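So you can see what is in the structure, the chains are spelled out below.
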Amino acid sequence: MMMPLQVLLVAGTHGNEINGIFLFDQWKKSSLSINTYGIKTYKVIGNPEAQKAGKRYIHQDLNRSFQEESVLSINSSILEVSRASQLVNLYGEAGENPCQIALDFHTTTASMGSCLVVYGRRHADLALASLIQNQLGLPIYLHESDQKQTGFLVESWPCGIVVEIGPIAQGLLNSRVISQTKLILEASMEKIHQIKNLNLFFPDKLIIHRHIKSIDFPRDEEGNIDGYVHPLRQSKDWQKLKKNDELFSKLNGEIIRFKEDEPYIPVFINEAAYVEKNIAMSFTKRELWDLKKEWKQSLIDLVNQR
Ligand SMILES: [Zn+2]
């Protein structure tokens, strides 16, 4: 049976990242129109309970709750596990309103500008990210090889990308963040529309910032944070590190420096939500990848062979 392509749009997966939520609310009230190029979309607030509470989450991070086993646990006492299950039942590929692609809109307190995040190396994700990068010039952060961070929302859909926009404090509206969210949403829908109509050229290459590892803040013997991001490192996301560059400062004047030989590129520097995850920043490697034929085909098949 032919099924129409449907796209799931999520904002507020983290309840205190409110710019996407605001945009969706205004859109639903018809205070503004967003061009989805005739493609059926579902606009969903990821974690409405956390939004009401003005928090990132109630029991645990929703964007780490899409574990395969938890997807069946609609009756879980952990609110986010139950919500993850509900979202998959409602909008998953085999759900009531089946969506094939998910776009998940986030904000960050780090000075990342706008970027795309893909998890692992799924072909359709990489192909779609390359198209959006080619149109808007956004960096792509490839999150992989991190055993401690799993269960991301978009991984429960056949194709899914996270959009991160910063810097913005949690719980605050900002005109630039709102307009960039709209711009990236429309550009993404335009690309999906073009794939549907087989009316586009894929770029030959894409630039990837591949996740290497995350580092913690300096800590004392009791495990308390006793240092902070060095002023020369603050807001320097995407800027290559050299050996002996400053990473952290302490009030006693001690400076903790970058000791590696690889010119890693830091991202999510001082992201507020990652303090509890013991992450002060993450290191990536910038790589130029050839766009593989099978990636394009995977995305074209997903969008068209319904
Ligand atoms: Zn978020």
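Just so we're clear, the structure is a prediction, and the values are computed from it rather than from any experiment.

**Thoughts on the sheet that holds strand E10 (residues 255-257)**
Part 1 of the reasoning: With respect to topology, three strands assemble into an open sheet ordered E8-E9-E10, the strand pairing being antiparallel. The open sheet is flanked by strand E8 (228-229) and E10, the only strands paired with a single partner.
Part 2 of the reasoning: Pairing geometry for E8 and strand E9 (residues 246-249), over two bridges, is antiparallel. Along E9, the bridge assignment pairs Tyr228 with Ser249.

**Observations regarding the sheet that holds strand E12 (residues 281-290)**
Part 1 of the reasoning: Pairing is mixed in the open sheet, where nine strands are placed in the order E2-E1-E3-E6-E4-E5-E7-E12-E11. Strands at the two margins of the open sheet, each flanked by one partner only, are strand E2 (40-45) and strand E11 (265-267). Neighbour-to-neighbour, the strand axes of the sheet open up by a mean angle of 30°, direction not taken into account.
Part 2 of the reasoning: As judged from the three bridges shared by E11 and E12, these two strands associate in the antiparallel manner. By the bridge assignment for E12, Pro266 is matched with Phe283.
Part 3 of the reasoning: Strand contacts of helix H5 (residues 175-196): strand E1 (6-11), strand E3 (101-107), strand E4 (114-119) and strand E6 (159-165), with the helix running at about 165° to E3, the strand carrying the most contacts.

**Some remarks on the packing of helix H4 (residues 123-136) against helix H6 (residues 293-304)**
Part 1 of the reasoning: It is the contact of H4 with H6, at a shortest axis distance of 7 Å, that shows an interaxial angle of 95°. The orientation of H4 with respect to H6, classified from their angle, is roughly perpendicular. Of the residues in H6, those in contact with His123, Ala124, Leu126, Ala127 and Leu128 of H4 are Glu294, Trp295, Lys296, Ser298, Leu299 and Leu302.
Part 2 of the reasoning: A per-class count over the contact of H4 with H6 returns seven nonpolar, two polar and two charged.

**Let's talk about H5**
Two residues of an α-helix separated by three or four positions point the same way, owing to the 3.6 residues in each turn.
Part 1 of the reasoning: Taking 1.5 Å of rise per residue, the 22 residues of H5 would be expected to cover 32 Å, and the 32 Å separating its terminal C-alpha atoms lies within 8% of that figure.
Part 2 of the reasoning: Within the sequence span of H5, burial applies to Val177, Gln180, Thr181, Ile184, Leu185, Ser188, Met189, Lys191, Ile192 and Ile195. The buried side chains of H5 occupy one side of the element, clustering within an arc of 165° when seen end-on. For H5, the exposed residues lying more than 90 degrees away from the buried face are Ser175 and Arg176.
Part 3 of the reasoning: A positive phi of about 50° marks Leu198, the residue just after H5.

**A closer look at the domain arrangement of the protein**
The figure often quoted for interface size is the accessible area lost as the parts come together.
Part 1 of the reasoning: What the domain assignment lists for the protein is domain 1 (6-204 + 291-304) and domain 2 (208-288).
Part 2 of the reasoning: The C-alpha-based centres of domain 1 and domain 2 are spaced at 26 Å.
Part 3 of the reasoning: Taken together, the contact pairs 16 residues of domain 1 with 15 residues of domain 2.
Part 4 of the reasoning: Looking at the side of domain 1 that touches domain 2, its residues break down into six nonpolar, seven polar and three charged.

**Some thoughts on the pairing of E9**
Part 1 of the reasoning: Sheet topology note: the E9/E10 ladder contains three bridges and is antiparallel. From the neighbouring strand, Glu246 faces E10, where its bridge partner is Arg257.
Part 2 of the reasoning: In this antiparallel pair of consecutive strands, E9 and E10, the connection spans five residues, and Gly253 shows a positive phi of 95°.

Quick notes on the rules
- Residues numbered from 1 in each chain as written.
- Predicted model: local features only at pLDDT ≥ 70, side-chain atom pairs only at ≥ 80, totals over all residues.
- Pairing = 2+ DSSP bridges.
- Helix = DSSP H or I, 4+ residues; strand = E, 2+ residues; numbered from the N terminus.
- Axes fitted to C-alpha atoms, helices over the stretch in contact; angles between N-to-C directions.
- Contact = placed C-beta atoms within 7 Å.
- Parallel < 35°, antiparallel > 145°, perpendicular 65-115°, else oblique.
- Nonpolar A, V, L, I, M, F, W, Y, C, P; charged D, E, K, R; others polar.
- Expected span 1.5 Å × (residues − 1).
- Buried ≥ 20, exposed ≤ 12 C-beta atoms within 10 Å, placed from the backbone.
- Arc of directions from axis to C-beta.
- Domains from an automatic or database assignment.

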